[in-house]
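Structural overview for review
Residues per chain, in single letters:
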Amino acid sequence: MTRSAVIIGAGQAGLTMATALREQGWEGEIHLVGEEYHLPYQRPPLSKGYLAGYENREALLLRSAEAIEQDGVVLHLGTSVAAIDRAERAVELEGSGALPYDVLIIATGSAPRLLGIPGSELDGVHAVRTIEDADRLRDDLARGGRTVFIGAGFLNLEVAVEALKHGAACVLEVAPQILGRVLSRETANALQQYHSDLGIEILCDAAITALRGAGGRVTGIELANGEVMPAERVVLSIGAIARDELATAAGLETGGGIVVDSALRTSDDRIFAIGDCAKYPSPWAGTQMRVESVQNATDQARHLAEALVSGRGGAYRAVPWFWSIQGERRLQIAGIAMPDDDARLVEQGDGGRLVVERIREGEVVAVESINAPAAHMKARRTLAALLA
Ligand SMILES: Cc1cc2nc3c(=O)[nH]c(=O)nc-3n(C[C@H](O)[C@H](O)[C@H](O)COP(=O)(O)OP(=O)(O)OC[C@H]3O[C@@H](n4cnc5c(N)ncnc54)[C@H](O)[C@@H]3O)c2cc1C
């Protein structure tokens, strides 16, 4: 008897899941349901080439409509899943009936964390997650003037380089150091120096109390020390939260993400979660965590597809890796380091080249590199061999 698979979320993880299921030989129906109206697309260029205008919408698409159709994947675009009915084994579509499933995969991604302070709703306050967000920001940047960034994460540091082409750029970070939770001090300092040299102002220990506005549009940022910093626009990037609301409402175990076991299975045997929304036991971090990266979304999808078709379980253990392009700096990370892990500077050279190993209990658990792609690839191979 063939089984029917329903995938909620037609993003990086959902599309990879649908494609990989067919590649692996899944014979039943595959329904891919996505609330966005676009064909499945990649998000990284939204803060890089697409925002800068080097890449167009076509270049963002992960697969053509024809290729998806040829795989026999039924694509439901512009369709939101309103609820999961576990007793009936069906998902309820917003305003258009229900889809029964034998296996359900939740790949609903994450959403920007919002700032709960006065003025957050003003025009000119941006967060980038979708094509529409990037279009709005690009149009706004073209107006020129000063852009103030709240949060010195990867995303904002990428966008700041683009904003600088149109006017001043200032990045505010509430912590004493940029990227302190995800990078060694050595690597974070190198990036901070690069941005400062470009002319981007970075202010740490900057707590924000309110956004000021006039005529419904943001005009400035009020800091805890009473200073008001003028801003033509504000870009917010203070982390993302898992889109786990459907899972929570369906009574699945959640808490900062959809909780899954090492086989990516939720607390319901027939329901799995992958990508940004899934909180899984990472052998690399030694804890249950969510990972927001293309690698995580695609590798989890491929792992799960193989497991579902073959019937062989097995833990998901792929080496995590990540990249961020900030102007002339390509940061790459292999593995996952925790803030308390040690750092060892391995190499520092011309053109911003840097390699830093992160060490836990005497073992290298991650390698951070800037403009050193060969070192990154080598680190991935070395880390993979540890699990072999
Ligand atoms: C601007 C930006 C830049 C990035 N840059 C990098 C980078 O350089 N390197 C890197 O590794 N990663 C980067 N990332 C992260 C990476 O894009 C994500 O980790 C990846 O997209 C996660 O894939 P996903 O499928 O889990 O989620 P998504 O791609 O977000 O897909 C989830 C989809 O589910 C849909 N959905 C949610 N709820 C429902 C519902 N109820 N019904 C129907 N559909 C629903 C959402 O609308 C969305 O389309 C970036 C992310 C952003 C936003």
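To keep things clear, this report deals only with the structure shown in the data block. This structure is a prediction, so every number in the text was calculated from the model and none was measured.

Quick notes on the rules
Residues numbered from 1 in each chain as written. Predicted model: local features only at pLDDT ≥ 70, side-chain atom pairs only at ≥ 80, totals over all residues. Heavy atoms only, no water. Pairing = 2+ DSSP bridges. Helix = DSSP H or I, 4+ residues; strand = E, 2+ residues; numbered from the N terminus. Axes fitted to C-alpha atoms, helices over the stretch in contact; angles between N-to-C directions. Parallel < 35°, antiparallel > 145°, perpendicular 65-115°, else oblique. Left-handed = near helix turned anticlockwise from the far one by under 90°. Contact = heavy atoms within 4.5 Å. Nonpolar A, V, L, I, M, F, W, Y, C, P; charged D, E, K, R; others polar. Polar contact = N/O pair within 3.5 Å; in protein donor to acceptor, adjacent residues only side chain to side chain. Buried < 20%, exposed > 50% of the residue type's maximum accessible area, 1.4 Å probe, protein only. Salt bridge = Lys/Arg side-chain N within 4 Å of Asp/Glu carboxyl O. Near = heavy atom within 4 Å. Areas by Shrake-Rupley, 256 points an atom, 1.4 Å probe, with all protein chains shown as cover.

1. Details of the sheet that holds strand β5 (residues 90-93)
Taken together, the three strands give an open sheet; going across it, the order is β4-β5-β6, and neighbouring strands pair in antiparallel fashion. Of all strands in the sheet, those with a lone pairing partner are β4 (81-85) and β6 (98-100), marking the two edges. Direction aside, neighbouring strands of the sheet carry axes that sit 20 degrees apart on average. In the sheet, β5 pairs with β6 via three bridges, with the strands oriented antiparallel. In the strand pairing of β6, V91 is matched with L99.

2. A word on the packing of helix α1 (residues 12-24) against helix α9 (residues 294-310)
Orientation of α1 relative to α9, taken along the N-to-C sense of each, is 30 degrees, at an axis distance of 8 Å. Classified by the angle their axes make, α1 and α9 are roughly parallel. Judged by the twist between their axes, the crossing of α1 over α9 is right-handed. Contact residues: α1 offers Q12, A13, T16, M17, A20, L21 and Q24, while α9 offers V294, A297, T298, A301, R302, L304, A305, E306, L308 and V309. Split into classes, the residues belonging to the contact of α1 with α9 amount to eleven nonpolar, four polar and two charged.

3. What about the sheet that holds strand β15 (residues 228-230)?
Across the sheet, three strands lie side by side as β13-β14-β15; this open sheet has antiparallel pairing. Of all the strands in the sheet, the pair left with one neighbour each is β13 (208-214) and β15. Strand-to-strand twist in this sheet, taken as the mean axis angle between neighbours without regard to direction, amounts to 30 degrees. Looking at chain direction, β13 and strand β14 (residues 217-223) are connected through six bridges and run antiparallel. Its bridge partner lying in β14, A210 is registered against E222.

4. Some details on the side chain of S324
Note on placement: S324 falls in strand β22 (residues 321-326). Here E158 takes part through its side chain, which lies 2.8 Å from a polar atom of the side chain of S324. A distance of 3.0 Å separates the side chain of S324 from the side chain of Q326, its partner in a polar contact.

5. Quick notes on the environment of A168
If you trace the backbone, A168 turns up in the loop between α6 (154-163) and β11 (169-172). Judged by its relative accessible area of 41%, A168 is partly exposed. A sequence separation of 20 residues divides A168 from V148, and the C-alpha atoms of the two residues are 8.4 Å apart. The residues touching A168, leaving out its near neighbours within four places in the chain, are G145, R146 and T147.

6. Points about the pattern of salt bridges
With the rule as written, the count across this model stands at 24 salt bridges. Close ionic contact of K165 with E162 constitutes a salt bridge, the shortest N to O distance being 2.6 Å. We classify K165 as exposed; its relative accessible area is 52%. Its relative accessible area of 9% is what places E162 among the buried residues. One salt-bridge network, held together by shared partners, links D140, R143, R217, E232 and R233.

7. Structural notes on the site of the ligand
Taken together, 32 residues surround the ligand, and among them A13, E36, K48, R129 and D276 come closest. At a separation of 2.8 Å, an oxygen atom of the ligand approaches a polar side-chain atom of E35. S293 places a polar main-chain atom, nitrogen or oxygen, 3.0 Å from an oxygen atom of the ligand. The protein chains hide 96% of the 1000 Å² of surface that the ligand would expose on its own. Of all the secondary structure elements, the ones that give two or more residues to the shell around the ligand are α1, α9 and β22. Across the shell around the ligand, the residue classes break down as 13 nonpolar, eleven polar and eight charged.

These figures capture arrangement, not role.
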